[in-house]
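What the coordinates show
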Amino acid sequence: MAISGGRDDGEPMGEMNTTPLIDVMLVLLIMFIITIPIQTHAVKIDLPVNSDQNTPPPIDPIKNKVSVDPAGTITWNGSPIDIVTLRLYLDRTKAMSPEPELHVQPDPQARYVVVDQVLAVIKRSGVTKMGFVGNEQYRAF
């Protein structure tokens, strides 16, 4: 009994049959795909709650006062706000006719960075009726 090694002339076969190898790889790939659990990506986001309170912002049609205290708190007519809310209020006052006056009163001990941010927001909003209140408190400095 002789084992055939390729051609009849006795030379070894130079090609390998890759069909069984490809079949095994395809079966392994299918098994791998089936066994992988389905990944569900979820990002938890706290969405704002729609409130039925449609209270208008505290904008006075005559004059509004923005002040900065030594702790860096920005207040609009006495109620604390943040920079984004300040921009919103300024945009609404700009849309009013006639435009109300804006009084800016930073505390002498307030941080310069916060006052500079407030002034930059006021400048970007395009408010035309603006004035500084309480400049006499800076005479001692």
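Quick look at the structure, then. Being a predicted model, the structure only gives us computed values, none of them experimental.

About the criteria used
- Residues numbered from 1 in each chain as written.
- Predicted model: local features only at pLDDT ≥ 70, side-chain atom pairs only at ≥ 80, totals over all residues.
- Heavy atoms only, no water.
- Core = buried A, V, L, I, M, F, W, Y, C linked by side-chain atoms within 4.5 Å.
- Buried < 20%, exposed > 50% of the residue type's maximum accessible area, 1.4 Å probe, protein only.
- Helix = DSSP H or I, 4+ residues; strand = E, 2+ residues; numbered from the N terminus.
- Salt bridge = Lys/Arg side-chain N within 4 Å of Asp/Glu carboxyl O.
- Pairing = 2+ DSSP bridges.
- Contact = heavy atoms within 4.5 Å.

Here we look at the nonpolar core
- The biggest cluster of nonpolar side chains holds 18 residues, and the ones touching the most others in it are W76, L86, L90 and L102.
- Where this core is concerned, the elements lending two or more residues are β1 (63–68), β2 (74–76), α2 (83–95), β4 (101–106) and α3 (112–125).
- With five residues, the top contributor of residues to this core is α3.

A short note on the pattern of salt bridges
- Tallied over the full model, the rule gives two salt bridges.
- With a shortest N-O distance of 3.3 Å, R87 and D91 are connected by a salt bridge. In this pair, R87 and D91 both sit in helix α2, four residues apart, roughly one turn of the helix.
- Here D91 falls in the partly exposed class, since its relative accessible area comes to 36%.

Topic: the pairing of β1
- With six bridges joining them, β1 and β4 adopt parallel strand pairing. When the bridges of β4 are listed, S67 appears paired with Q105.
- Across three bridges, the pairing between β1 and β2 is antiparallel. Residue V66 lies in a different strand from β2, and its bridge partner there is W76.
- Here β1 folds back onto β2, and the loop between the two strands holds five residues, one of which, G72, carries a positive phi near 95°.

Thoughts on the side chain of N64
- Relative to the assigned elements, N64 resides in strand β1.
- Contacts of N64, omitting those with residues within four sequence positions, involve P58, I59, W76, N77, T93, P100, E101, L102 and H103.

Side note on the environment of A95
- By the element assignment, A95 lies in helix α2.
- Counting along the chain gives 32 residues from A95 to V127, while the straight-line C-alpha distance between them is 9.9 Å.

Some details on the environment of P80
- Topologically, P80 is positioned in strand β3 (residues 79–81).
- With 14 residues separating them in the primary sequence, P80 and V66 have C-alpha atoms 9.6 Å apart.
- Ignoring sequence-local partners within four residues, the contact set of P80 consists of T73, I74 and T75.

Examining unusual backbone geometry
- A cis amide bond links S97 with the next residue in sequence, P98, at an omega value of -5°.
- Structurally, the position occupied by P98 is in the loop between α2 and β4.
- Located in the positive-phi region is N77, a residue other than glycine, with phi close to 50°.
- Summarising the element assignment, N77 is placed in the loop between β2 and β3.

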